[in-house]
Amino acid sequence: MNAMKSRLDTWLGRFTMYRWILWALGVLVAYSLLLNVLGWLTFGLPQMLVHLCLCLGLTYGSNRLLALLFRTTPHSESSLITGLLLYFLFWPTFVPTDMLGVALACVLASASKYALAFRGRHIFNPAAAGAFITGLTGLNIATWWAATPAMLWLLVPGVLAVLYRTRKMLMASVFLLVATSIVCVELLGRGMTFGQALWQPLAQRPLLFFVGFMLTEPLTLPPRRWQQLALAGVVGVVFAVPYNLGFVANSPELALLVGNLIAFFLGQRGRVQLTFKGSRALTPGTREFRFEPRRPVRHAAGQFMELNLPHSGSDGKGRRRVFSITSPPGAPEVTFGVGTAEPLSTAKKTLLALRPGDMISATAVGGDFVLPRDAGRPVLLIAAGIGITPFLSHLASDTAARDTVVLYLAHGRDELAACEQLAASGAKVIARLADGSTPPDFMHDAGTSRIDARRLKELVPDIAAREVYVSGSPASVDSLRAAARGAGARRVHVDSFAGY
């Protein structure tokens, strides 16, 4: 099972979430057209095709025009995703005023990325913003017709795939539990049976589509998991509790906008411009890149940052990439450890081609791979290869007063990164080098034996008293997490991000 999960994670990691969600929505569009042909939907195929072209054409075209006006590089995949979301939010029709409303929603969605933005970061989900503002004009109102029982056959697996890829299963569960419970209580009060009251919100209200494709969008979420879970509960209440304030009533898009606004004030607000200062080799297949931010970057040791690397001919991994921050909080420069072994993505090639003085932008900071606040709690940091990078920030800022053991797995001595920093940290460092080479004198040699539960217990006898952190490739993380649990670790944290 672990091997299958590792292979799945490795395969999914080849694609950014933009590409993944675009494919998922595209499959749902094709499925909706098939349902209409089979008579399970009654919009009319011409109406659906025109509606699809209207949504995609206007969001794509307006986004490119606005990017030209604002002198920035348009993000085509993002605009296409927005268009597909609006396809499922508004009713396909040939009624002129309704079509005008859809057109307005598309343009407003694109405009919200620029007008409703702070320091280059859009605050609100563009599709929700476009739909909400259009509803205020009276031209059209979002119906969220994706919440149709016939759509469930592909909607459910599509949502599950997206949530698995984004690691947002728990957040989605909190939202669904809160929103479904509130709706169920309301429907039970109307005389429905429990089965009917449970089926109606899940099959005939847009809870699943909402949580899978809109609420859990990483770019409009707060950076920490506990904040995301709290946000899911708040949005669940706003989503499900009926209210009417006269000029506005409850709607999914309003609930999402409220959540977006809360998230905005909880995280790094806005894009940060970074000036490239240089890079250095950490190992033959790893480099550290140094940048000077134009303004302070708010981050905790162990978190990651998303860099926007515009380039032509973007591959399946896209131009926005997530990298672990290796510099400590408050440092004048922000540094990233990046694997540079072949094959390289087009984004990494762009990163390697930077020259001192070149500017790029950072669009988000996040992650929960942070050490306990209590410096008295001992930790074990297990790094496999490139997995050492998030620990460098920890070691530079937190280990002076903490009992820290580092277990570093690499192929050979020449692949051990940041040895000077590891030596200066004061942490006990254990190296397991697969080729049998000898590690530096300050490291304890673990030999070449495979790190399983028994061997890990031998190397770190008090592992049960330590919080364990594991970082590396998906396959390495799964194997080492299992070994840590087998050795008696009570809490094991892993470094994972969606690569949105």
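Residues numbered from 1 in each chain as written. Predicted model: local features only at pLDDT ≥ 70, side-chain atom pairs only at ≥ 80, totals over all residues. Heavy atoms only, no water.

## Thoughts on empty space enclosed by the protein
In total, this model carries two cavities of 30 Å³ or more according to the counting rule given. Volume-wise, the largest cavity comes out at about 40 Å³. Secondary-structure elements contributing two or more residues to the lining of the largest cavity are α3 (45-69) and α5 (96-115). Of the residues belonging to the lining of the largest cavity, the class tally is four nonpolar, two polar and no charged. (1 Å grid on protein atoms, 1.4 Å probe; cavity = no way out; pocket = protein on both sides within 12 Å on 5 of 7 lines; lining within 4 Å. Points joined across faces, edges and corners; volume = space filled by probe spheres on them. Helix = DSSP H or I, 4+ residues; strand = E, 2+ residues; numbered from the N terminus. Nonpolar A, V, L, I, M, F, W, Y, C, P; charged D, E, K, R; others polar.)

## Focus on the pairing of strand β3 (residues 272-283)
Every other side chain in a regular strand lies on the same face of the sheet, so the side chains alternate between the two faces. In this sheet, strand β8 (residues 359-366) lies alongside β3 in antiparallel orientation, the contact comprising four bridges. Considered in β8, the bridge of Val-272 is made with Ala-362. The pairing of β3 with strand β4 (residues 286-293) spans eight bridges and is antiparallel. In the strand pairing of β4, Phe-276 is matched with Phe-291. (Pairing = 2+ DSSP bridges.)

## Some thoughts on the sheet that holds strand β12 (residues 444-445)
Overall, parallel pairing links the six strands, which are arranged β12-β11-β10-β9-β13-β14 in an open sheet. With partners counted over all chains shown, the strands left at the sheet margins are β12 and β14 (492-494), one partner each. Here strand β10 (residues 404-410) pairs with strand β11 (residues 428-433) via six bridges, running parallel. Pairing of Ala-410 across the sheet is with Leu-433, part of β11. Running at roughly 175 degrees to β14, helix α17 (residues 474-486) makes contact with β9 (379-384), β10, β13 (467-471) and β14 of the sheet. (Contact = heavy atoms within 4.5 Å. Axes fitted to C-alpha atoms, helices over the stretch in contact; angles between N-to-C directions.)

## Here we look at the pairing of β8
Within β8, six of the eight residues are buried, which leaves the element mostly enclosed by the surrounding structure. Examined bridge by bridge, strand β5 (residues 304-308) and β8 share five bridges and lie antiparallel to one another. From the neighbouring strand, Phe-304 faces β8, where its bridge partner is Gly-366. (Buried < 20%, exposed > 50% of the residue type's maximum accessible area, 1.4 Å probe, protein only.)

## Describing helix α12 (residues 252-266)
Think of an α-helix as 3.6 residues a turn; residues three or four steps apart then line up on the same face. Taking 1.5 Å of rise per residue, 15 residues should cover 21 Å, and α12 covers 21 Å from first to last C-alpha, within 8% of that figure. Among the residues making up α12, those that are buried are Pro-252, Glu-253, Leu-254, Ala-255, Leu-256, Leu-257, Gly-259, Asn-260, Ala-263 and Phe-264. (Expected span 1.5 Å × (residues − 1).)

## Focus: the environment of Asn-250
With respect to the element layout, Asn-250 can be found in the loop between α11 (225-240) and α12. Asn-250 gets classed as partly exposed once you look at its relative accessible area, which sits at 27%. In this structure, the C-alpha to C-alpha distance between Asn-250 and Leu-207, residues 43 residues apart in sequence, is 14 Å.

## Brief notes about the UniProt feature "transmembrane region" (unreviewed entry) in the protein chain
Under the present numbering, the feature "transmembrane region" (unreviewed entry) in UniProt falls on residues 20-43, 49-70, 77-94, 145-163, 170-192, 198-216 and 228-248. With 84% helix and 0% strand, the stretch residues 198-216 has end C-alpha atoms that lie 22 Å from each other. In residues 228-248, the share of helix is 62% and the share of strand is 0%. The end C-alpha atoms are 26 Å apart. (UniProt positions renumbered as here; feature names shortened; annotations may be inferred.)

## Some details on a nonpolar patch on the surface
Nonpolar side chains collect at one region of the surface, where Leu-34, Leu-38, Trp-40 and Trp-153 lie side by side and expose about 530 Å² of accessible area between them. Among the secondary structure elements, Leu-34 is positioned in helix α2 (residues 17-37). (Patch = residues over 30% accessible without salt bridge, like charges linked within 9 Å, V, L, I, M, F, W, Y side chains within 5 Å. Areas by Shrake-Rupley, 256 points an atom, 1.4 Å probe, with all protein chains shown as cover. Salt bridge = Lys/Arg side-chain N within 4 Å of Asp/Glu carboxyl O.)

## Thoughts on the packing of helix α7 (residues 152-166) against helix α10 (residues 207-215)
Closest axis-to-axis distance for the α7/α10 pair is 9 Å, and the angle between their directions is 30 degrees. The way α7 lies across α10 gives a crossing that is left-handed. Contacts between α7 and α10 pair Leu-152, Leu-155, Val-156, Val-159, Val-162 and Leu-163 from the former with Leu-208, Phe-209, Val-211, Gly-212 and Phe-213 from the latter. Here the contact of α7 with α10 is composed, by residue class, of ten nonpolar, one polar and no charged. (Left-handed = near helix turned anticlockwise from the far one by under 90°.)

## Some remarks on the sheet that holds β8
Two orientations exist for strands paired in a sheet by backbone hydrogen bonds: parallel and antiparallel. Taken together, six strands build an open sheet; the order of strands is β6-β5-β8-β3-β4-β7 and the sheet is antiparallel. The outermost strands of the open sheet, each flanked by one partner alone, are β6 (320-324) and β7 (334-339). Neighbour-to-neighbour, the strand axes of this sheet turn through a mean angle of 40 degrees, independent of strand direction.

## Observations concerning the packing of aromatic side chains
The tally for this structure, following the rule as stated, stands at 20 aromatic pairs. Between Phe-209 and Phe-213, the aromatic rings sit 5.2 Å apart at their centres with planes inclined by 45 degrees, giving tilted as the arrangement. With Phe-209 and Phe-213 both in helix α10, this residue pair falls four residues apart, about one helical turn. Phe-213 sits in the buried class, given a relative accessible area of 4%. Relative to Phe-391, the ring of Phe-369 has its centre 5.5 Å away and its plane inclined at 35 degrees; by these criteria the two rings are tilted. You can see Phe-369 sitting in the loop between β8 and β9 and its partner Phe-391 sitting in helix α14 (residues 389-397), a full 22 residues away along the chain. Like Phe-391, Phe-369 is buried. Members of the aromatic cluster, each reached through a chain of ring pairs, are Phe-43, Tyr-87, Phe-88, Trp-91, Trp-144, Trp-145, Phe-175, Phe-209, Phe-210, Phe-213 and Phe-239. Taking the ring centre of Tyr-164 as reference, the NZ or CZ of Arg-167 above it sits at 5.6 Å. (Phe/Tyr/Trp six-rings, centres within 6.5 Å; stacked < 30°, edge-to-face > 60°. Lys NZ or Arg CZ within 6 Å of the ring centre and 35° of its normal.)

## Observations concerning the pattern of salt bridges
Under the definition given, this model contains 13 salt bridges. Residue Glu-288 pairs with Arg-280 through a salt bridge whose shortest N-O separation is 3.1 Å.

## So, the side chain of Thr-389
Within the fold, Thr-389 resides in helix α14. Polar contacts involving the side chain of Thr-389 include one to the main-chain carbonyl oxygen of Ile-386, which spans 3.0 Å. If we ignore the near neighbours within four places in the chain, the residues touching Thr-389 are Ser-324, Ile-325, Thr-326 and Gly-337. (Polar contact = N/O pair within 3.5 Å; in protein donor to acceptor, adjacent residues only side chain to side chain.)

## Structural notes on the side chain of Thr-326
Inspection of the secondary structure assignment puts Thr-326 in the loop between β6 and β7. By relative accessible area, Thr-326 is classed as buried at 3%. Here the side chain of Thr-326 touches Thr-335 through a polar contact of 2.5 Å, side chain to side chain. For Thr-326, the residues in contact, after removing those within four places along its chain, are Glu-288, Thr-335, Phe-336, Gly-337, Thr-389, Leu-392 and Ser-393.

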